[in-house]
Amino acid sequence: MHLLPGALLSCLLLCAPSRAYFPEERWSPESPLLAPRVLVALVCRNAEHSLPFVLGGLERLRYPKERLAVWVATDHNEDNTTAILRDWLTKVQSLYHYVEWRPKELPSEYEDGDGPKQWTNLRYAHVMKLRQAALDSAREMWADYFLAMDCDNLLVNPDVLWKLIGENKTIVAPMLESRAAYSNFWCGMTSQGYYKRTPAYIPIRKQVRKGCFAVPMVHSTFLIDLRKEASRELAFHPPHPDYSWAFDDIIVFAFSARMADVQMFVCNQETFGFFPVPLRAHNTLRDEVDSFLHSLLEVNVRHPPVLPSQYIPPPAKQPDKLGFDEVFMINLQKRADRRERMLRTLHEQEIACKSHEHQ
């Protein structure tokens, strides 16, 4: 069958891309969507030793800073936390969409506390109120997401925020690793809201099983999707009217999620971050500094070193020889990577050494 010349011309006109006569009628491709708006909430106390590295991890997130808001509160400090945070916020505030700063100089202790590491009812209530204030700020500014983050959590994966957003969960946490089996999630919870051991925990913690898993508890660092309707029912404070479990901030929030019919998830497909094992009530700030240093050095074993903030350098080290005439660090010449790790580790521990290369 042969097409007539007129029919052929009509076919070519119909199949060819349409071209508008006027410039304003011409089609142009749509621009990409802006990144979702995220509010990052930091509630810090006595975190002078960890802040340069925690803030450095935040700075290195591969996420548009103009789409991030930073909400920071600090109080009851016995160290230089307030000055460090103020200095950092002053230097970076122009980079972020919005910065809210809530410092409080005094008092340095809680009335019902016997030490800086003791969690009393007053401290629990105060922290819950601060986190609720941060969540309220996120909702008032129409943020799409709320990222809660403790001030000793080291985020080492710069894509962690995008990956959590991509999971499309109302509450999702990146699994954080520690020097022990401890992590920022529970696989089991008793009828009274306490931690319950289950056989599912270790395979997830050790990344034998990888993925995103439904769990009854996440804490320390987690993302809330404020676009989800159920997120409106989530609250850090006050506790839900039916709440009767222990007065503990993470349990109170987990109960809130349960009553809002929101499932928590933890993801472990990649290495996302690290944090120290919690200390006991009788421990000191010196113990906390040492514990964080151990976590920092643990990262250095199998991963690139955690670098400090480009705006807030860590305190200057004062290495010494521990009372010996000389401290030697002997390394195989072909293992330059190990040499760098060892020198960095010794420097962080303020140990002066003389390096010797062995062929």
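Notes on the structure follow. Just so it is clear, the structure is predicted and the values come from calculations on it, not from any experiment. (Residues numbered from 1 in each chain as written. Predicted model: local features only at pLDDT ≥ 70, side-chain atom pairs only at ≥ 80, totals over all residues. Heavy atoms only, no water.)

Structural notes on the overall build of the protein chain
- Per the secondary structure count, the protein chain includes nine helices and 15 strands.
- Computed over the C-alpha atoms, the radius of gyration of the protein chain is 26 Å, more than 25% above the 21 Å expected from 2.2 N^0.38 for a compact globule of 359 residues.
- Per-residue burial for the protein chain yields a buried fraction of 44% across its 359 residues.
- As displayed, the protein chain offers around 19900 Å² of accessible surface, 54% of which is attributable to carbon and sulfur atoms.
- One way to put it: in the protein chain the 42 positive side-chain charges average out to a point 7 Å from where the 44 negative ones average out. (Helix = DSSP H or I, 4+ residues; strand = E, 2+ residues; numbered from the N terminus. Rg over C-alpha atoms; globule rule 2.2 N^0.38 Å. Buried < 20%, exposed > 50% of the residue type's maximum accessible area, 1.4 Å probe, protein only. Areas by Shrake-Rupley, 256 points an atom, 1.4 Å probe, with all protein chains shown as cover. Lys, Arg positive; Asp, Glu negative; His and termini not counted. Charge placed at Lys NZ, Arg CZ, Asp CG, Glu CD.)

Brief notes about the pattern of salt bridges
- Here the structure, examined in full by the defined rule, presents 18 salt bridges.
- The residue Arg131 makes a salt bridge to Asp150 at a minimum N-O spacing of 2.9 Å. Here the residue Arg131 occupies a position in helix α4 (residues 121-140), and Asp150 occupies one in strand β4 (residues 145-150), the gap between them amounting to 19 residues. (Salt bridge = Lys/Arg side-chain N within 4 Å of Asp/Glu carboxyl O.)

Things to note about the sheet that holds strand β2 (residues 68-74)
- Read across the open sheet, the eight strands follow the order β3-β2-β1-β4-β11-β6-β12-β9; overall the sheet is mixed. Two strands lie at the open edges of the sheet, namely β3 (98-103) and β9 (212-215), each paired on one side alone. Ignoring which end each strand starts from, the neighbouring axes of this sheet average 20° apart.
- Together, β1 (38-44), β2 and β3 form the strand contacts of helix α3 (residues 81-92), whose direction differs from that of β2 by roughly 160°. (Pairing = 2+ DSSP bridges. Axes fitted to C-alpha atoms, helices over the stretch in contact; angles between N-to-C directions. Contact = heavy atoms within 4.5 Å.)

Looking at the pairing of β9
- Here β9 shows a buried face lined by Phe213 and Val215 and an unburied face lined by Cys212 and Ala214.
- In this sheet, strand β12 (residues 264-267) lies alongside β9 in antiparallel orientation, the contact comprising four bridges. Bridge pairing in β12 links Ala214 to Phe265.

Here's the deal with unusual backbone geometry
- For the bond from Leu106 to Pro107, the omega torsion is 0°, close enough to zero to count as cis.
- Tracing the sequence through the fold places Pro107 in the loop between β3 and α4.
- Cis geometry is adopted by the peptide bond preceding Pro238, which originates at His237 and carries an omega value of -5°.
- With respect to the helices, strands and loops of the structure, Pro238 is situated in the loop between β11 (221-225) and α7 (249-259).
- Non-glycine residue Asn46 carries a positive phi angle of around 50°.
- Looking at where Asn46 falls in the secondary structure, it is placed in the loop between β1 and α2 (51-59).
- Non-glycine residue Ser220 carries a positive phi angle of around 75°.
- With respect to the secondary-structure elements, Ser220 resides in the loop between β10 (217-218) and β11.

Some words on helix α9 (residues 336-348)
- With 13 residues, α9 should cover 18 Å at 1.5 Å per step; its first-to-last C-alpha distance of 18 Å lies within 8% of that length.
- Along α9, the residues classified as buried are Thr345, Leu346 and Glu348. Taken around the axis of α9, the buried residues stretch over an arc of 160°, which confines them to a single face.
- One or two residues past the end of α9 sits Glu350, with phi positive at roughly 60°. (Expected span 1.5 Å × (residues − 1). Arc of directions from axis to C-beta.)

Notes on the packing of aromatic side chains
- Throughout the structure, instances matching the rule amount to 15 aromatic pairs.
- Ring geometry for Phe236 against Phe253: centres 4.4 Å apart, planes inclined by 15°, an arrangement best described as stacked. Here Phe253 lies in helix α7 and Phe236 lies in the loop between β11 and α7, a separation of 17 residues in the sequence.
- Ring geometry for Tyr243 against Phe255: centres 5.2 Å apart, planes inclined by 80°, an arrangement best described as edge-to-face. Within this pair, whereas Tyr243 is found in the loop between β11 and α7, its partner Phe255 is found in helix α7, the two being separated by twelve residues in sequence. By the burial criterion, Tyr243 is buried, and Phe255 matches it.
- Taken together through their ring pairs, the aromatic side chains of Phe146, Phe222, Phe236 and Phe253 make up a single cluster.
- The positively charged end of Arg123 is found above the aromatic ring belonging to Trp119, 3.9 Å away from the centroid.
- The positively charged end of Lys169 is found above the aromatic ring belonging to Phe265, 4.3 Å away from the centroid. (Phe/Tyr/Trp six-rings, centres within 6.5 Å; stacked < 30°, edge-to-face > 60°. Lys NZ or Arg CZ within 6 Å of the ring centre and 35° of its normal.)

Re α4
- With 20 residues, α4 should reach 28 Å at 1.5 Å per residue; the first-to-last C-alpha distance of 28 Å fits that figure.
- Directly beyond the C-terminal end of α4, a positive phi value near 60° is found at Trp142.

Quick word on the pairing of β1
- Here β1 lies mainly inside the structure; seven of its seven residues are buried.
- With burial as the criterion, each face of β1 is covered, one bearing Val38, Val40, Leu42 and Cys44 and the other bearing Leu39, Ala41 and Val43.
- Here β1 pairs with β2 via seven bridges, running parallel. Considered in β2, the bridge of Val43 is made with Ala73.
- A crossover links β1 with its parallel partner β2, the connecting element being α2, and its sense is right-handed.
- One ladder, built from six bridges, connects β1 with β4; its direction is parallel. The partner of Val40 across the bridge, within β4, is Leu147. (Right-handed = clockwise from strand over helix to strand, strands pointing away.)

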